[in-house]
Amino acid sequence: MDKVNELKEKGNTALNAEKFDEAIAAYTEAIALDAKNHVLFSNRSAAFAKAGKFREALEDAEKTISLNPTWPKGYSRKGVAAAGLRDYMKALEAYNEGLKHDPQNAILLQGCQEITASVLNMMQSQGDIPMDVDPQSSSPSFERKAPPSKSSEPPKPAEPRVEDMSEEERKKYFAKKEKELGNAAYKKKDFETALKHYNAAIEHDPTDITFHNNIAAVYFERKEYDECIKQCEKGIEVGRENRADFKLIAKSLARIGNTYRKLENYKQAKFYYEKAMSEHRTPEIKTSLSEVEAKIKEEERRAYIDPVKAEEEKEKGNEYFKKGDYSNAVKHYTEAIKRNPDDPKLYSNRAACYTKLAAFDLGLKDCDTCIKLDEKFIKGYIRKGKILQGMQQTSKASSAYQKALELDPNNAEAIDGYRQCSMNFQRNPQEVLKNAMSDPEIQQILKDPAMRMILEQMQNDPNAVKEHLQNPAIADKIMKLLESGIIQIH
């Protein structure tokens, strides 16, 4: 369970830092150890959703609910995932089901409101082609109505008489007809014909922003992105002049954001998504905004990488280290790491500074990163050994030096460190016990009732150790007790 909690915290930290793949990996590893833990599936669902992997997010949310049907968060996870997949009915059902278990849950109530607003917005458009909810597309979508039953089918309204209409009504009537023809052509991907009808609609009624939005959708599908943006801008201008519904303005702005996103101009996309949100907030735009913000952060991180400048900063750090100014050395090594985060030597150097400053936890973390980047980097194991010695964790220090000696049996620093650890094991029993008991891992082993019984059995029957060493889990614990000096086998 300690390992599961450790992995869960690792996943939480990565999720908060928007390192979604790292979070998913940590939660997955934890789930492999505890497949009945509903919180782990819930957390991984959140990570998948943040990464835009809504199908996987939905699977984890449903697993969460199956493991704990009365836990409201499972239903909120399902709602977010379903909304991401544009399955609004499923999202609404999930939120409502969660509210049965917790009627005052703020997250579930907010989810219901957002989904309801989105659905109503689509229903009230009255034939308008709404912005496609796919954040990567600006295709129009069309309302699909279920056919009424034959017994209750109302009579079709009579076609209005054009000759009875006013001039204004006649223009809007013919504009609507042209739009409907454009929609039909669009569905068939006959974009040239669709453009013809949408432009004809504008000739009849130049005051309607909808027609410009429709034309922009056609240009988006044809990858004519400059024309798409121009049509959206023209539509916004027309909409402002004629006091169009703010929701339609938001659609135009979001479509511009989608277009810039396709062009991989994420900063411009972010700008327009934010403008769209200021007009009308929807879950789709909110998701798109979060996704491009993540892209911007990644771009900025990559843009900052410069191995040449990293080397310059490392040399400055080395100079300060030689002078004994470890605080300034840390600053320069940290800057070097930002400039080249995949160089293990930089973490090793900073770990040396942390050791001098007695910041052992930070040093240990850098050593682990160093080793993770290069498992054959001997200096990383030696640094780790020295830090663990400083933390009076002799058995772990000895293991680190052993790793270094496996890579280079003649390494003087590793030999000396291992010898010092061995000498510590030979101290008087009281001192050995004191050092060992300061190690939380050793404490946990000794508190285990099963291990106490095994140790008792080994004391009465030394040959019993051979049998217990056949069990890998027990063998690992026995080896840790041996390394710490708690037990000895003659």
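Since the model is a prediction, treat every value here as computed from it, not as a measurement. (Residues numbered from 1 in each chain as written. Predicted model: local features only at pLDDT ≥ 70, side-chain atom pairs only at ≥ 80, totals over all residues. Heavy atoms only, no water.)

J.: Would you mind going over the overall build of the chain with me for this structure?
T.: Within the chain, the secondary structure is distributed over 26 helices and zero strands. Across the 490 residues that make up the chain, the buried fraction comes to 44%. The long-range fraction of contacts in the chain, counting pairs at least 24 apart against all pairs at least 6 apart in sequence, stands at 54%. As displayed, the chain offers around 27,800 Å² of accessible surface, 50% of which is attributable to carbon and sulfur atoms. (Helix = DSSP H or I, 4+ residues; strand = E, 2+ residues; numbered from the N terminus. Buried < 20%, exposed > 50% of the residue type's maximum accessible area, 1.4 Å probe, protein only. Contact = heavy atoms within 4.5 Å. Areas by Shrake-Rupley, 256 points an atom, 1.4 Å probe, with all protein chains shown as cover.)

J.: Would you take a moment to explain the pattern of salt bridges for this structure?
T.: Taken as a whole and assessed by the stated rule, the structure comprises 23 salt bridges. Among the ionic pairs, Glu97 bridges to Lys100, the shortest N-O distance being 3.2 Å. A residue pair is termed a helical-turn pair when its members lie 3 or 4 positions apart in one helix, as Glu97 and Lys100 do in helix 6 (residues 88-101) at three residues. On the basis of relative accessible area, Lys100 is assigned to the exposed category, the value being 63%. (Salt bridge = Lys/Arg side-chain N within 4 Å of Asp/Glu carboxyl O.)

J.: Would you mind going over the environment of Gly317 with me for this structure?
T.: Note that Gly317 resides in helix 15 (residues 307-323). Leaving out residues up to four positions away in the same chain, Gly317 has contacts with Ala329, His332 and Tyr333.

J.: What am I meant to see in the packing of helix 10 (residues 209-221) against helix 11 (residues 225-241) here?
T.: Helix-helix packing: each pair is described by the crossing angle between the helix axes and the interaxial distance. At a minimum axis distance of 8 Å, the contact between helix 10 and helix 11 shows a crossing angle of 170 degrees. Judged on the interaxial angle alone, helix 11 and helix 10 are roughly antiparallel. Of the residues in helix 11, those in contact with Ile209, His212, Ile215, Ala216, Tyr219 and Phe220 of helix 10 are Tyr225, Glu227, Cys228, Gln231, Cys232, Lys234, Gly235, Ile236, Val238 and Gly239. Residues belonging to the contact of helix 10 with helix 11 are distributed by class as follows: 10 nonpolar, four polar and two charged. (Axes fitted to C-alpha atoms, helices over the stretch in contact; angles between N-to-C directions. Parallel < 35°, antiparallel > 145°, perpendicular 65-115°, else oblique. Nonpolar A, V, L, I, M, F, W, Y, C, P; charged D, E, K, R; others polar.)

J.: Before we go on, may I ask you to explain the environment of Ile107 in this structure?
T.: Assignment of secondary structure puts Ile107 in helix 7 (residues 106-123). In this structure Ile107 comes out as exposed when scored by relative accessible area, which is 55%. In this structure the C-alpha to C-alpha distance between Ile107 and Ser76, which are 31 residues apart in sequence, comes to 7.0 Å.

J.: I keep staring at the nonpolar core and nothing clicks. Help me out?
T.: Soluble globular proteins tend to bury their nonpolar side chains together. Tyr186, Val218 and Ile256 are the most contacted members of the largest nonpolar core, which totals 38 residues. Sorting the residues of this core by element identifies helix 8 (167-187), helix 9 (191-204), helix 10, helix 11, helix 12 (246-262), helix 13 (266-279) and helix 14 (283-304) as the ones contributing at least two each. Ignoring any residue separated from it by four or fewer positions in sequence, one finds Ile256 in contact with Ile229, Cys232, Glu233, Ile236 and Tyr272. The next biggest cluster of nonpolar side chains, apart from the first, holds 15 residues, and it includes Leu364, Ile378, Tyr381 and Tyr401. (Core = buried A, V, L, I, M, F, W, Y, C linked by side-chain atoms within 4.5 Å.)

J.: Hey, could you run me through unusual backbone geometry in this one?
T.: For residues other than glycine, phi is negative in most cases, and the peptide bonds are mostly trans. Residues other than glycine seldom take positive phi values, yet Glu18 does so here, at roughly 65 degrees. One can find Glu18 in the loop between helix 1 (2-16) and helix 2 (20-33). With a phi close to 60 degrees, Lys223 is a non-glycine residue in the positive phi region. Note that Lys223 resides in the loop between helix 10 and helix 11. On the basis of relative accessibility, which here comes to 59%, the residue Lys223 falls in the exposed class.

J.: Whenever I open this one, helix 18 (residues 360-373) confuses me. Can you help?
T.: Helical geometry: 3.6 residues make up each α-helical turn, so side chains three or four residues apart lie on a common side. End to end, helix 18 covers 20 Å across 14 residues, agreeing with the expected 20 Å (1.5 Å per residue, within 8%). Taken together, the buried positions of helix 18 are occupied by Gly363, Leu364, Asp366, Cys367, Cys370 and Ile371. Seen along its axis, helix 18 keeps its buried residues to an arc of 160 degrees; they face one direction. Looking at helix 18, the residues exposed on the side facing more than 90 degrees away from the buried face are Asp361, Lys365 and Lys372. As for helix 18, its buried residues are in contact with helix 17 (344-356) and helix 19 (378-390). (Expected span 1.5 Å × (residues − 1). Arc of directions from axis to C-beta.)

J.: How should I be thinking about the packing of helix 13 against helix 14 in this particular structure?
T.: Remark: helix 13 packs on helix 14, axes separated minimally by 9 Å, with the N-to-C direction vectors making an angle of 150 degrees. Relative to helix 14, the element helix 13 lies roughly antiparallel. For helix 13 against helix 14, the interelement crossing comes out left-handed. Between helix 13, through Tyr266, Lys267, Ala269, Lys270, Tyr273, Glu274, Ala276 and Met277, and helix 14, the contact on the second element is made entirely by Ile285, Lys286, Ser288, Leu289, Val292, Glu293, Lys295, Ile296, Glu299 and Glu300. Class assignment for the residues of the contact of helix 13 with helix 14 results in nine nonpolar, one polar and eight charged. (Left-handed = near helix turned anticlockwise from the far one by under 90°.)

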